[in-house]
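# Structural characterization, general
Letter by letter, the chains look like this.
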Amino acid sequence: MLVIGAGPGGYVAAIRAAQHGLDVTLVEKDAYGGTCLNYGCIPSKALVHGGDVAHEARTADHLGIDADVDVDLGRLVDWKDGIVDQLTGGVEGLCKAAGVDLVDGAAQFVDEHVAEIDADGETRTLGFEYAIVATGSRPLEVPGFEPDGGYVLDSRDALELDEVPDSLIVVGAGYIGMELSTVLAKLGTDVTVVEMFDDVLPMYDDDISRVIRERATELGIDFRFGELAADWDERDEGVVVATETEDGDITELSADAVLVVAGRDPVTDTVNFDALGIEPDDDGCVPTDAQGRTDLDHVFAVGDIAGEPMLAHKASYEGEVAADAIAGQPATLDHAAMPAAVFTDPEVATVGLTREEAAEAGYSPVVGQMPMAGNGRALTVEADDGFARIVADEPTGRVLGAQIAAPNASELLSEITLAIEQGLTLSELAGTVHTHPTLSETVMEAAADALGEAIHTR
Ligand code: FAD
């Protein structure tokens, strides 16, 4: 089996296939661990932690704690690089231990059963019975704002800065834009976010967006909603970005640089899909069936290249299912319990259906909600913004979804993801004793609220 791309989709597929006894070659042209470990999830979360430490130290005087904070971003980035090296080395070691044949090079298809691999200046061919393509995604380019690593940055550049910029314009208030804006604001940058929609995290419920917007505003982030980044120019060792409203009103914003984080494009142009007759759909993704199979029975596509949500755990899950399917196991993809998290302040985490989606899907939704302000632990960690909300089907009590805005929401969500996966009910969640005092009690209380039995909400 040939696997192309060693991100969370590809390397997990390769290890799982090797566990099934297949003879696996994994080809990676850049770095083991792909976008997630090298330029995405892990480096961004390392910097989120750095931003939190700096900000908490700087703003703790009301707790009787005073600190002078000096941020050396170069050293923070070095520390982050150490974590990345540890994890990417781990991926390489795990693949080798599983018996996966690793090739540092670029692979492309020659025909339906042969690929060409360019490695170390040499080209060789490799025959394969099965292939899994996991070539990931790259930043979506905004016309006129091609990254140059200096004045126009993409997310990868933002994770490699050696100095905290005095000011930055961020184009895009999606999850990557909001995470990076929050980090940089906490490290001391004056951040202005330009977003064509009318709120942050436009794909989320309004009350989630409100919590994140209000907190970001408290951190000093300015927002320009309903504006498009139209043009930029170099001025006074910085940039001037012209934004435009739907009515044609132009505003000029100045900063040290502009960071463009407007979305991600699937990478479908590196493997010569033409040789297989595989064509991307209108969104640029490779269409696949419920096991990740493309139009060709023996070629699978997993991860970002196979479509939204472009998240690492979704890529790994699809990689495992594809490898299981190739090994003849009865594996099938089910995205009903696919979690997502945004590592802002506070974090946002969602899974399953919102109330509206549940109604559209034909359920009779009931909703329970617990505000963080009613939770003792939340107050002790100064986190009374936000809430935990659970959506369920009223007649059966079956849990269908959740939306949480809270510190560690990404961790709190797992309990509800498991509940959806296992078909658990509100009573089963509400009847489970939760440790006190913990933020997780809000999940139990939200379930109880949906049943009309909450103790700590009115
Ligand atoms: P990738 O990780 O992109 O890996 C694809 C690999 O294929 C690359 O290494 C590439 O070099 C290689 N490749 C491409 N073409 C070829 C070829 N022809 N030959 C050989 N190799 C090739 N997701 C989360 O779940 N949580 C997060 O907190 C999170 N944070 C993020 C933060 C940022 C700033 C970014 C940019 C992304 C973040 N993501 C996060 C998204 C996550 O990184 C991706 O969803 C995930 O990496 C997708 O995995 P993948 O295996 O599909 O592709």
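Sequence order as written defines the numbering, with residues in each chain counted from 1. Reporting of local features is limited, given that this is a predicted model, to residues whose pLDDT is at least 70; pairs of side-chain atoms are given and counted only at 80 or more, and all residues count toward the totals for whole chains, interfaces and linings. With hydrogens and water set aside, each side-chain value is computed from the structure's full complement of heavy atoms.

### Here's the deal with the layout of surface pockets
Rules: Grid points spaced at 1 Å over the protein atoms alone were grouped into cavities, where a 1.4 Å probe fits but cannot get out, and pockets, open sets with protein on both sides within 12 Å along at least five of seven lines, with lining residues defined by an atom within 4 Å of a point. Grid points are joined across faces, edges and corners, and a volume is the space filled by probe spheres set on the points. Every helix listed is a DSSP run of H or I at least four residues long, and every strand listed is a run of E at least two residues long, numbered separately from the N terminus. Each residue gets one of three labels, nonpolar for Ala, Val, Leu, Ile, Met, Phe, Trp, Tyr, Cys and Pro, charged for Asp, Glu, Lys and Arg, and polar for the others, Gly among them.
In this structure, the second largest pocket spans a volume of roughly 1500 Å³. Gly 174, Tyr 175, Met 203, Tyr 204 and Glu 308 are, among the 47 residues lining the second largest pocket, the residues nearest its centre. Counting only elements with at least two residues in the lining of the second largest pocket, the list comes to helix H6 (175–187), strand S11 (190–195), strand S13 (227–235), strand S19 (340–342), strand S20 (347–352), helix H9 (355–360) and strand S23 (399–406). For the lining of the second largest pocket, a count of residues per class yields 30 nonpolar, 10 polar and 7 charged.

### Focus on the environment of Gly 423
Rules: Throughout, exposure labels follow a simple rule: accessible area from a 1.4 Å probe, protein chains only, divided by the maximum for the residue type, with under 20% read as buried, over 50% as exposed, and the rest as partly exposed.
Examined against the element boundaries, Gly 423 turns out to sit in the loop between helix H11 (409–421) and helix H12 (426–430). Owing to a relative accessible area of 32%, Gly 423 belongs among the partly exposed residues under this scheme. When the C-alpha positions of Gly 423 and Gly 397 are compared, they lie 9.6 Å apart, and in sequence the two are 26 residues distant.

### Structural notes on the sheet that holds strand S2 (residues 25–28)
What links the strands of a sheet is backbone hydrogen bonding, and the strands pair in either a parallel or an antiparallel sense. The criterion, for reference: The pairing criterion is simple: DSSP has to find at least two bridges between the two strands. Only C-alpha atoms enter the line fits that serve as axes; for helices the fit covers just the stretch in contact. Angles between N-to-C directions range over 0 to 180 degrees.
An order of S3-S2-S1-S7-S18 is seen for the 5 strands of this open sheet, with the pairing classed as parallel. Both edges of this open sheet fall to strand S3 (101–104) and strand S18 (299–301), since each of them pairs with a single strand only. Within this sheet the neighbouring strands show an average axis-to-axis angle of 20 degrees, counted without direction.

### Some details on the pattern of salt bridges
Quick note on the threshold: One side-chain nitrogen of Lys or Arg within 4 Å of one carboxyl oxygen of Asp or Glu is enough to make a salt bridge.
Per the counting criterion, the structure on display carries 20 salt bridges. The shortest N-O distance in the salt bridge between Lys 45 and Glu 179 comes to 2.7 Å. With a gap of 134 residues between them, Lys 45 in helix H3 (residues 41–58) and Glu 179 in helix H6 connect regions that are remote in the sequence. Of the residues examined, Lys 45 reaches a relative accessible area of 24% and is grouped as partly exposed. Salt bridges sharing common partners tie together Asp 52, Lys 186, Arg 215, Glu 218 and Asp 345.

### Digging into the packing of H3 against helix H4 (residues 73–98)
Inclusion rule: For classification, angles of less than 35 degrees are called roughly parallel, those exceeding 145 degrees roughly antiparallel, those between 65 and 115 degrees roughly perpendicular, and all remaining angles oblique. Note on convention: the crossing is left-handed when the near helix lies turned anticlockwise from the far helix by less than a right angle, right-handed when the turn is clockwise. Every residue pair with non-hydrogen atoms within 4.5 Å of one another is taken to be in contact.
The interhelical angle for the contact between H3 and H4, taken along N-to-C directions, is 140 degrees, at an axis separation of 9 Å. In terms of axis orientation, H3 runs oblique to H4. By crossing handedness, the relation of H3 to H4 is classed as right-handed. Facing Ile 42, Pro 43, Ala 46, Leu 47, His 49 and Gly 50 of H3, the residues of H4 in contact are Leu 76, Trp 79, Lys 80, Ile 83, Val 84 and Leu 87.

### Focus: the site of the ligand
Definition in use: Only a single heavy atom is needed: when it lies within 4 Å of a molecule or strand, its residue is near that molecule or strand. Polar contact is defined as a pair of N or O atoms within 3.5 Å, subject to the rule that within protein one atom must be able to donate a hydrogen and the other to accept it, and that residues adjacent in sequence are counted only when both atoms are side-chain atoms. The Shrake-Rupley method, run with a 1.4 Å probe, gives the accessible areas here. Residue values count only the displayed protein chains as cover.
Taken together, 39 residues lie around the ligand, and Gly 9, Glu 28, Thr 35, Lys 45 and Thr 270 are the ones closest in. Residue Met 310 places a main-chain N or O atom 3.2 Å away from an oxygen atom belonging to the ligand. A distance of 2.8 Å is found between an oxygen atom of the ligand and a backbone nitrogen or oxygen belonging to Ala 312. Considered on its own, the ligand offers 1000 Å² of accessible surface; in the complex 96% of this is hidden by protein. Top element by residues in the shell around the ligand is helix H2 (residues 34–39). It accounts for 4 residues.

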